[in-house]
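# Examining the three-dimensional arrangement
One letter stands for each residue in the lines below.
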Amino acid sequence: MNHRVLFVDDETNILLAYRRNMRNHFDVTVAESGIEALEIIQNQEPFAVVISDYRMPEMDGIEFLNKVKEISPDTVRIILTGFADMQTAIDAINEGNIFRFLTKPIHNDKLVQAIKD
């Protein structure tokens, strides 16, 4: 079973926290932008799950996860964001075929369960 998870967020401290809190559960990789994450996805073994922040410079989370769907259609895609409104959630689900739309802050147990689901 593939336990590889890629977290994408433009805030380094958040990525460090994900890595620290999730390393006992999953094989964690992090990227500070959608562009960096797409390079990682194209050059490494497939990820079971990709979790992206919504608000990032250059490419928002929905746009990024749409590209992930094109190059790795079997990867589960999750948005995890501190910016949540109804239209953003609708767009994420309808345009990006997002599995889950989660909001920050999120308790570690809840995040682990969403990834396992």
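You'll find the structure just up there.
Attention in this report is confined to the structure presented alongside it.

Conventions used here
- Residues numbered from 1 in each chain as written.
- Predicted model: local features only at pLDDT ≥ 70, side-chain atom pairs only at ≥ 80, totals over all residues.
- Heavy atoms only, no water.
- Buried < 20%, exposed > 50% of the residue type's maximum accessible area, 1.4 Å probe, protein only.
- Helix = DSSP H or I, 4+ residues; strand = E, 2+ residues; numbered from the N terminus.
- Pairing = 2+ DSSP bridges.
- Right-handed = clockwise from strand over helix to strand, strands pointing away.
- Salt bridge = Lys/Arg side-chain N within 4 Å of Asp/Glu carboxyl O.
- Patch = residues over 30% accessible without salt bridge, like charges linked within 9 Å, V, L, I, M, F, W, Y side chains within 5 Å.
- Areas by Shrake-Rupley, 256 points an atom, 1.4 Å probe, with all protein chains shown as cover.
- Lys, Arg positive; Asp, Glu negative; His and termini not counted.
- Charge placed at Lys NZ, Arg CZ, Asp CG, Glu CD.
- Contact = heavy atoms within 4.5 Å.
- Axes fitted to C-alpha atoms, helices over the stretch in contact; angles between N-to-C directions.
- Parallel < 35°, antiparallel > 145°, perpendicular 65-115°, else oblique.
- Nonpolar A, V, L, I, M, F, W, Y, C, P; charged D, E, K, R; others polar.

Turning our eyes to something else, we now look at the pairing of strand 4 (residues 76–81). For strand 4, a buried count of 5 out of 6 residues is recorded, marking the element as mostly surrounded by other parts of the structure. Pairing between strand 3 (residues 49–52) and strand 4: 4 bridges, direction parallel. Counterpart to S52 in the pairing with strand 4 is I79. Where the polypeptide runs from strand 3 across helix 3 (residues 61–71) and back to strand 4, its parallel neighbour, the crossover connection is right-handed.

Another point: the pattern of salt bridges. Note that side chains of opposite charge can pair when their charged atoms are close. Counted according to the given criterion, the structure contains 4 salt bridges. We note a salt bridge from R4 to D27, for which the minimum N-O separation is 3.7 Å. Of this pair, R4 sits in strand 1 (residues 4–8) while D27 sits in strand 2 (residues 27–31); the two residues are 23 residues apart in sequence, bridging distant segments of the chain. Between D53 and K104 there is a salt bridge, with the nearest N and O atoms lying 3.4 Å from each other. Placement of D53 in the loop between strand 3 and helix 3 and of K104 in the loop between strand 5 (100–103) and helix 5 (108–116) is noted, with a sequence separation of 51 residues between them.

To continue, consider a negative patch on the surface. Taken together, the side chains of D10, E11, E32, E36 and E39 make up a negatively charged region of the molecular surface. Of note, E32 is situated in the loop between strand 2 and helix 2 (34–43).

A few words now on the environment of L38. Mapped onto the secondary structure, L38 falls in helix 2. Sequence separation between L38 and D74 is 36 residues; the distance between their C-alpha atoms is 15 Å. Not counting residues within four places of it along the chain, the set of residues in contact with L38 comprises M59, F64, K67, V68 and I71.

Here we take up the packing of helix 1 (residues 12–22) against helix 5. Direction vectors running N to C along helix 1 and helix 5 enclose 80°, while the axes themselves pass 11 Å from each other. Considering the angle they form, helix 1 stands roughly perpendicular to helix 5. Only N108, L111, V112 and I115 of helix 5 make contact with helix 1, whose side of the interface consists of Y18, N21 and M22. Residue classes in the contact of helix 1 with helix 5 are distributed as 5 nonpolar, 2 polar and no charged.

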